[in-house]
Amino acid sequence: MRNRRSDREQGAYGQQQQRSEEMAAQQQEKTAPAGGQSGQGADLQRMMQQLANFIVDHDPMMVIRRTHDTVRYIRWAWNKDHAHPIDEEELRLFLCDEHYGDLTDEQRAFARQGRDKMRSVYAELCVRLLQSEIMLERGMVPDVSTYRSVFCTEGGDAPWMLDQAG
């Protein structure tokens, strides 16, 4: 039984990459401002998120990590509000290929939402990592602590004031 599932998971890898690209396009449509006009900042952000998703989608180890994190997040979010836990193995199958995985319709909808949220998180993570590395390389910030205090104010470890020198 285990080997059969592994074969299905492996066979679904190519389909998952194709769906990832389609979902990125759908996410872009959802986030576009009304009226069809988008600002330069929104276009740049979408482009960076697409690039970040491309990087993750084409690195098998990153895909595995993101899938693992997605399963953990969905299971935690589902199980905290429902009496019957969501099955981890069936959830993994569903995330690889929506034609597989014995989940209820409610669980499938919940899993799709969780998957989309985690894709967004990973896209932002990649953008922030690229930004921090480039800024460090160019000497724009002296160290990671300063970068975090400026750009990650929710978790920065060094207070930084815009109106103070040095």
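Shown above is the structure to which this text applies.
Bear in mind that the values here come from a model prediction, so they are computed numbers and not experimental data.

S.K.: Sorry if this is basic, but what is going on with the packing of helix 6 (residues 105-137) against helix 7 (residues 144-151) here?
M.R.: Think of two packed helices as two axes; the pair is described by the angle between the axes and how far apart they sit. Where helix 6 contacts helix 7, the two axes come as close as 11 Å, and the packing angle between them is 125 degrees. The orientation of helix 6 with respect to helix 7, classified from their angle, is oblique. In terms of crossing hand, the pair formed by helix 6 and helix 7 is right-handed. Contacts from Arg-128, Gln-131, Ser-132, Met-135 and Leu-136 of helix 6 reach helix 7 at Val-144, Tyr-147 and Phe-151. Here the contact of helix 6 with helix 7 is built from residues that sort into five nonpolar, two polar and one charged.

S.K.: Is there a simple way to explain the nonpolar core in this structure?
M.R.: The tendency in soluble globular proteins is for nonpolar side chains to be buried as a group. One finds Val-71, Ile-74, Trp-78, Ile-86, Leu-91, Phe-94, Leu-95, Leu-103 and Ala-111 forming the largest nonpolar core, which totals nine residues. Elements with a contribution of two residues or more to this core: helix 4 (60-81) and helix 5 (88-96). For Trp-78, the contacting residues outside a window of four places in its chain are His-84, Pro-85, Ile-86, Glu-106, Gln-107 and Phe-110. Grouped together as the second largest cluster of nonpolar side chains are six residues, Ala-52, Met-118, Tyr-122 and Cys-126 included.

S.K.: Is there a simple way to explain the pattern of salt bridges in this structure?
M.R.: For the coordinates displayed, the defined rule picks out ten salt bridges. Among the ionic pairs, Asp-69 bridges to Arg-65, the shortest N-O distance being 3.5 Å. With Asp-69 and Arg-65 both in helix 4 and four residues apart, this pair spans about one turn of that helix. Where Asp-81 meets Lys-80, a salt bridge forms, and the shortest distance between an N and an O atom there is 3.4 Å. Residue class for Lys-80 comes out partly exposed when judged on its relative accessible area of 49%. Among the charged side chains, a network of salt bridges with common partners joins Glu-98, Arg-112, Arg-115 and Asp-116.

What counts and how
- Residues numbered from 1 in each chain as written.
- Predicted model: local features only at pLDDT ≥ 70, side-chain atom pairs only at ≥ 80, totals over all residues.
- Heavy atoms only, no water.
- Axes fitted to C-alpha atoms, helices over the stretch in contact; angles between N-to-C directions.
- Helix = DSSP H or I, 4+ residues; strand = E, 2+ residues; numbered from the N terminus.
- Parallel < 35°, antiparallel > 145°, perpendicular 65-115°, else oblique.
- Left-handed = near helix turned anticlockwise from the far one by under 90°.
- Contact = heavy atoms within 4.5 Å.
- Nonpolar A, V, L, I, M, F, W, Y, C, P; charged D, E, K, R; others polar.
- Core = buried A, V, L, I, M, F, W, Y, C linked by side-chain atoms within 4.5 Å.
- Buried < 20%, exposed > 50% of the residue type's maximum accessible area, 1.4 Å probe, protein only.
- Salt bridge = Lys/Arg side-chain N within 4 Å of Asp/Glu carboxyl O.

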